[in-house]
Amino acid sequence: MSKAEKIVAIKGMNDILPADAPLWELFENTAESVLKSYGYQKIVTPIVEETGLFARAIGAVTDIVEKEMYSFTDSMNGDQLTLRPEGTAGVVRAVIEHNLAYDGPKRLWYKGPMFRHERPQRGRYRQFFQFGAEAIGFSGPDIDAELIMLCRRLWDDLGLDNIRLELNSIGNADERQRHRADLIAYFEANIDVLDAEAKRRLHANPLRILDTKNPAMQDLVNQAPQLLAYLGEESLAHFEGLKKILDANNVQYTVNPRLVRGLDYYNRTVFEWVTDLLGAQGTVCAGGRYDPLIETFGGKPTPGIGFAMGIERLIELMKAQGEPSQPAQCDVYLVHQGMDAQMKAFILGERIRDAGLDVVLHCATPAGAGSFKSQMKKADGSGAAFAVIIGEDEVKNGVVAVKALREGEAGGQQSSVPFDDAVDFIVDQIVGGHDHDHDHDHVHYHP
Ligand code: ATP
Ligand code: MG
């Protein structure tokens, strides 16, 4: 590489820049408080796991394991490792390894980056972030309903409408086996309509053919035998139980018989939250039950269900639905002139932060502090409620000038306040005089 050549990020892996950070923060804070309000606890697992974990947990004939995993050999010891493409496998591994479900069921949530080697496009990246929940040890439809209603609450709290719920049941392994035989026979009878990918999946994972986005195959898959018709009594009772709770709580949904998860260990409930506002990548959250998985991993038979949402897609949706107001960088911007004033500004800055407010101290290096006028411009641009001004006169007189920068009662007013009273004065103005949320994070989003 020549010296002047610019280094850029890896294709499909994005920086989240300060302009977007407030929306991300808003999303994460809201999601965490919703999960907490349902009793879910945080779990953090490593970003790298043994390749075998994902191969087993996700299933060999899936897009992820067939072609999307970032796998590599650890050059230090030859271990086969993979950057996690999703969160469930690691959580389930941790639950078994630490025997987390020994004293009863667990409600867990996680967040973090996932890695898949996909073709980058809108809503589809090679590093992307997911927020997910896993409820381990609950077998009834009540927890399925809870997870769905938790999502609905999150959309409501974020002011997101235009997300609809699609629901299906894929029964158990026996029911799928019977359906599978009929499905393969049906596709074989229509082999000329199948595209290359469908032909490849015909015997390995025919259920996934139902997922196809190929327009030429839509009629075919719409007429295909529906798994719902193969469900036995227990699976049906579970599905009916779920729908009953959703109906009683006014959750709208459509049953989509083509909604599947093509993995052996998925069973019964599957659901997706979908929007039409994001083009082709419209699924913002996908979930499903995986009762057989933990036993497959050598744990005690323990049912499970979870969902994962794609944060980038939800941030896109938040943007599509309304411009967030420009967030303030701080509450107070400290303007100063001269060496002594700068020293005072440092002391005052620490005191204001002690009082719980956010402060930006104008930095004098390398260009010099700049004129009062240019500093006041910066103060205005920061979105701060107040500028505190310390010049040579203020130092001499033991005071500071406090100027209200925002509209409202005190807008534009400037007061001279003794140095030692400045913190109380500002706190009073912000907490008392203004409609200011003291436990704030500067994020105001108007859908
Ligand atoms: P798709 O059919 O779109 O590839 P998927 O079945 O691979 O989706 P899941 O594994 O269920 O998706 O992941 C859950 C959610 O994570 C998706 O609904 C989506 O919101 C998000 N997601 C999945 N892959 C990506 C990606 N490459 N980039 C951004 N978000 C993603
Ligand atoms: Mg995918």
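Remember, it's a predicted structure, so these values are computed and weren't measured experimentally.

*Asks:* Just checking my understanding: could you explain the overall build of the protein chain for this structure?
*Replies:* Scanning the protein chain for helices and strands turns up 15 helices and 16 strands. Taking 447 residues into account, the globule formula puts the C-alpha radius of gyration at 22 Å, and the protein chain, at 28 Å, lies well above it. Across its three principal directions, the C-alpha atoms of the protein chain cover 90 × 60 × 45 Å. In the protein chain, which comprises 447 residues, the proportion classed as buried is 49%.

*Asks:* Can you walk me through the sheet that holds strand β3 (residues 70-73) in this structure?
*Replies:* Backbone-to-backbone hydrogen bonds join strands into a sheet, with any given pair of strands oriented parallel or antiparallel. In spatial order, the strands read β2-β4-β3; together these 3 strands make up an open sheet with antiparallel pairing. The sheet is open, and its two borders are formed by β2 (48-50) and β3, each paired with just one other strand. Along the sheet, successive strands turn relative to each other by an average axial angle of 35°, direction set aside. Packing against the sheet, helix α2 (residues 51-58) makes contact with β2, β3 and β4 (80-83), and its axis sits at approximately 75° to β2.

*Asks:* Could you clarify how one ought to interpret the pattern of salt bridges in this entry?
*Replies:* Pairs can form between side chains of opposite charge whenever their charged atoms are close. The final tally for this structure, using the stated rule, is 25 salt bridges. R289 is the partner of D144 in a salt bridge, and the nearest nitrogen-oxygen pair spans 2.6 Å. Residue D144 is located in helix α5 (residues 141-157), and its partner R289 is located in strand β10 (residues 283-289); the two are separated by 145 residues in the primary sequence. Of the two residues, D144 and R289, both sit in the buried class. With a closest N to O distance of 3.0 Å, E350 and R353 form a salt bridge. Of this pair, E350 and R353 both sit in helix α12 (residues 339-354), separated by 3 residues, roughly a single helical turn. Among the charged side chains, a salt-bridge network with shared partners connects D63, K67, E197, R201, R208 and D211.

*Asks:* Can you walk me through empty space enclosed by the protein in this structure?
*Replies:* A water-sized probe, rolled over the atoms, reveals where empty space remains. Within the structure shown, the criterion is met by 3 cavities of 30 Å³ or more. What the largest cavity holds in volume is close to 50 Å³. As for the largest cavity, its lining consists of H179, L210, V221, N222, A224, P225, Q226, L227, P257 and R258. Classifying every residue of the lining of the largest cavity gives 6 nonpolar, 3 polar and 1 charged. Space inside the second largest cavity adds up to approximately 40 Å³. Around the second largest cavity, the lining residues are A31, V34, L35, F131, G132, A133, L150, L154, F307 and M309. The set of elements that each furnish at least two residues to the lining of the second largest cavity consists of α1 (21-37), β6 (127-136), α5 and β11 (304-310).

*Asks:* Even after reading the chapter, I still don't get the sheet that holds β6, so can you show me in this structure?
*Replies:* Taken together, the 8 strands give an open sheet; going across it, the order is β1-β5-β6-β11-β10-β9-β7-β8, and neighbouring strands pair in mixed fashion. Taken across any chain shown, the strands that pair with only one partner, and hence form the sheet edges, are β1 (41-42) and β8 (254-255). Here strand β7 (residues 164-169) runs beside β8; their pairing, made up of 2 bridges, is parallel. For E166, the partnering residue across the bridge sits in β8 and is T254. In the packing of α1 onto the sheet, the strands contacted are β5 (106-115), β6 and β11, and the crossing angle to β6 comes to about 5°. Its contacts with the sheet put α5 on β5, β6, β7, β9 (267-274), β10 and β11, and the angle it makes with β11 is roughly 20°.

*Asks:* Is there a simple way to think about helix α4 (residues 88-97) in this case?
*Replies:* Each turn of an α-helix holds 3.6 residues, which means side chains three or four residues apart point in the same direction. Within α4, 8 of the 10 residues are buried, which leaves it mostly tucked inside the rest of the structure. Those residues of α4 not exposed but buried are T88, A89, G90, V91, V92, R93, A94 and V95. Residues of α4 that are buried in the fold lie against β2, α2, β5, β6 and α10 (293-296). Positive phi shows up at N99, right after α4, with a value of about 55°.

*Asks:* Sorry if this is basic, but what is going on with the packing of α5 against helix α9 (residues 233-248) here?
*Replies:* Interhelical geometry of α5 versus α9 gives an angle of 40° and a closest axis separation of 8 Å. Between α5 and α9, the crossing angle belongs to the class labelled oblique. Two packed elements cross with a definite hand, and for α5 against α9 that hand is right-handed. On the side of α5, the interface is formed by P141, D142, D144, A145, I148 and M149, while α9 contributes H238, G241, L242, I245 and L246. Residue composition of the contact of α5 with α9, by class: 7 nonpolar, 2 polar and 2 charged.

*Asks:* What exactly am I supposed to notice about the packing of aromatic side chains here?
*Replies:* One pass over the structure, following the stated rule, counts 6 aromatic pairs. Seen from their ring centres, W155 and W273 are 5.7 Å apart, and the 80° between their planes marks the pair as edge-to-face. Separated by 118 residues along the polypeptide, W155 in helix α5 and W273 in strand β9 bring together distant segments of the chain. The residues W155 and W273 share a single accessibility class, namely buried. Linked through ring pairs, F27, W109 and F131 together constitute an aromatic cluster. Looking at R56, its charged tip hangs above the ring of F297, at a distance of 4.8 Å from the centre. The cationic tip of K344 hangs over the ring face of F419; the distance from NZ or CZ to the ring centre is 4.8 Å.

Cut-offs applied
Along each chain, residue indices are assigned from 1 in the same order as the chain's sequence is written. Each chain gets a letter, beginning with A, and each ligand a number, beginning with 1, in the order they are written. At least 70 in pLDDT is required for a residue's local features to be given in this predicted model, at least 80 for side-chain atom pairs to be given and counted, and no such filter applies to totals for whole chains, interfaces and linings, which use all residues. For side-chain calculations, the full set of non-hydrogen atoms in the structure is used, while hydrogens and water are omitted. Strands are runs of DSSP state E lasting at least 2 residues, helices are runs of H or I lasting at least 4, and numbering of each runs from the N terminus. To get the radius of gyration, use the C-alpha atoms; to get the globule rule, take the number of residues to the power 0.38 and multiply by 2.2 Å. Partly exposed describes any residue whose relative accessible area lies between the buried limit of under 20% and the exposed limit of over 50%, with all areas from a 1.4 Å probe on protein chains only and scaled to the type maximum. Whether two strands pair comes down to DSSP finding at least two bridges between them. A fitted line through C-alpha atoms serves as each axis, taken over the contacting stretch for helices, and the angle formed by two N-to-C directions is quoted from 0 to 180°. By definition in these notes, contact holds between two residues if any of their heavy atoms fall within 4.5 Å. Should a side-chain nitrogen of Lys or Arg be within 4 Å of a carboxyl oxygen of Asp or Glu, the pair is scored as a salt bridge. Grid spacing is 1 Å over the protein atoms alone, the probe is 1.4 Å, and a cavity is where that probe fits but cannot get out, while a pocket is an open set with protein on both sides within 12 Å along at least five of seven lines and lining residues have an atom within 4 Å of a point. Grid points are joined across faces, edges and corners, and a volume is the space filled by probe spheres set on the points. Side-chain classes follow a simple rule in which Ala, Val, Leu, Ile, Met, Phe, Trp, Tyr, Cys and Pro form the nonpolar group, Asp, Glu, Lys and Arg form the charged group, and the remainder, Gly included, forms the polar group. Every angle not falling under 35 degrees, over 145, or within 65 to 115 is termed oblique; those three ranges are roughly parallel, roughly antiparallel and roughly perpendicular. Crossing chirality is assigned from the near helix's rotation relative to the far helix, an anticlockwise turn below a right angle marking it left-handed and a clockwise turn marking it right-handed. Only the six-membered ring of Trp is used, alongside the rings of Phe and Tyr, when aromatic pairs are assigned; centres must lie within 6.5 Å, and planes under 30 degrees apart are stacked while those over 60 apart are edge-to-face, with the rest tilted. Comment: the charge-over-ring label is applied if NZ (Lys) or CZ (Arg) is within 6 Å of the ring centre and within 35 degrees of the ring normal.

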